[in-house]
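Take a look at the letters that make up each chain.
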Amino acid sequence: MKLPVQEIIVALSLLTLVACGKSTQTQIQNSIKANQEAATYSDWEASEHNPEVLFEEWREEAKTDEESKEDLSKDLCRELSVLAGQSLSVFEHEIESNKNHEILKPCKKKLEKQLDAYYSAQRKDINVSIDAKKSTSSSNNFNFPSNVQLRDVSNGYYGVSADVSPKELVLTFDDGPSGIYTESILRSLREVNAKVIFFHQGKNVRANPDIVKKVAADGHSIGSHSVSHRCLGTRINCQKSNGRLLTFDEAVAEVKGGHQAVADVLGWVDPFFRFPFGENSPELKSFLRSKSVGEFYWSIDSEDWKAQSNENLLRNTLEQIDKRGRGMVLFHDIQRKTAETLPAFLRAVYSRGYSIVLLKAADENARYNSKLVNRRQP
């Protein structure tokens, strides 16, 4: 028996929608799995399952026609809204991004409320509770003693543990400034007299100049972290992340551009640089040395880019500190879990007898005379 043409068209349309729904579901589940299985931030960024990659594909798909956009929005909203909070946090930055407003329009507010509820529950599991989206202080009532240390970067410098003594920590925050979370982090640090290094991204500096000024006003050191967090090294992960390896000149432009952005806002920038993902090359390391810029890696990785509970983030970071007894800690001030866990972290390291070290260049004028920066003519 033959079906009428119209019924065949309808049946095929339904099958297409079902297949698309399954595909979206699979993509989302693969992304969650890839986040948990990634060994490093570089692996996660280079993954084809990274939400940034997926949402870029979905935005292109939505441009086909209005019907395609509506179908995609329904699929995404359905699949994302049923995720548990920790799994949904894998997609948090894409949910917040204005780039995805149109395809998430039907459920954006709902998803944001789900994330808020998740973090509200997380705050109950740690002993110092703050909401990073509100201008509130924690219950911390102690102060770290001032501990400023100088490093000679005139011929370059490479820091992993930052050459600190036992029971000393250097705290570092990458990828900001965030228009949402950096101010909360500043508040938590200010409460306890903790001074740190911020490695700012040039594009975020341009987007949030007032926050950069607040970071500087609080007395923190400010280095750079490239313009746009592109992978600057020569390993396969950089090729995967960028689609190709950057040329030396392209990588240098990323390095210089990050420094230039900070200098344009403040009139200075500390001679400190951190490679995105820690990925570099001998040529780029030599370039930094020739420009009297210190290169900073880390010895303690919070892995705050990975979806995990606040309690787990705190516990794993402290376990590394307990094991090493000193070092340089890597955080990211674009992460909500980091901002909300920071007061509890600061209380824990204070109770363990640690000092927080602020690193500065031995030459106090170095921040005003960067060899990476083009000075504007008066």
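Bear in mind the structure is a predicted one, so any value in this text is a computation, not a measurement. (Residues numbered from 1 in each chain as written. Predicted model: local features only at pLDDT ≥ 70, side-chain atom pairs only at ≥ 80, totals over all residues. Heavy atoms only, no water.)

Pulling in residues and values, what's your account of the side chain of Ser 138?
Locating Ser 138 in the fold gives a position in the loop between α8 (108-122) and β1 (148-151). A polar side-chain atom of Ser 138 sits 3.1 Å from the main-chain amide nitrogen of Asn 140. In this structure the side chain of Ser 138 is engaged in a polar contact, spanning 2.6 Å, whose partner is the side chain of Glu 191. Not counting residues up to four positions away in its chain, the partners in contact with Ser 138 are Val 128, Ile 130, Glu 191 and Pro 343. (Helix = DSSP H or I, 4+ residues; strand = E, 2+ residues; numbered from the N terminus. Polar contact = N/O pair within 3.5 Å; in protein donor to acceptor, adjacent residues only side chain to side chain. Contact = heavy atoms within 4.5 Å.)

If you had to explain the pairing of β1 to someone new, which residues and values would you point to?
Residue alternation in β1 divides its side chains into a buried set, Gln 149 and Arg 151, and an unburied set, Val 148 and Leu 150. Relative to strand β11 (residues 358-361), β1 is paired through 4 bridges, and the arrangement is parallel. Residue Gln 149 lies in a different strand from β11, and its bridge partner there is Leu 359. (Buried < 20%, exposed > 50% of the residue type's maximum accessible area, 1.4 Å probe, protein only. Pairing = 2+ DSSP bridges.)

Can you explain the nonpolar core? Please cite residues and give values.
Grouped together as the largest cluster of nonpolar side chains are 44 residues, with contacts concentrated most on Leu 169, Leu 171, Phe 173, Leu 189, Phe 345, Leu 346 and Val 349. Where this core is concerned, the elements lending two or more residues are β3 (168-174), α9 (182-191), α11 (209-217), α13 (248-266), α15 (310-324), β9 (327-332) and α16 (336-351). Considering every element that reaches this core, the biggest residue donor is α16, with 7 residues. Within the second largest apolar cluster, 29 residues are counted, among which are Ile 32, Leu 76, Ile 95 and Trp 305. (Core = buried A, V, L, I, M, F, W, Y, C linked by side-chain atoms within 4.5 Å.)

Explain the side chain of Thr 24 to me, and be specific about the residues and the numbers.
With respect to the helices and strands, the residue Thr 24 is situated in helix α1 (residues 5-37). The exposure class of Thr 24 is buried, given its relative accessible area of 2%. For Thr 24, the residues in contact, after removing those within four places along its chain, are Trp 58, Asp 75, Leu 76 and Glu 79.

Tell me about the layout of surface pockets, and name the residues and values.
Its volume calculated, the largest pocket comes out at about 1,300 Å³. Lining the largest pocket are 44 residues, with Glu 52, His 93, Glu 94, Lys 203 and Ile 334 positioned closest to its centre. Of all elements in the fold, only α2 (41-46), α3 (51-62), α6 (92-96), α10 (202-207) and α12 (236-242) reach the threshold of two or more residues within the lining of the largest pocket. Classifying every residue of the lining of the largest pocket gives 13 nonpolar, 16 polar and 15 charged. (1 Å grid on protein atoms, 1.4 Å probe; cavity = no way out; pocket = protein on both sides within 12 Å on 5 of 7 lines; lining within 4 Å. Points joined across faces, edges and corners; volume = space filled by probe spheres on them. Nonpolar A, V, L, I, M, F, W, Y, C, P; charged D, E, K, R; others polar.)

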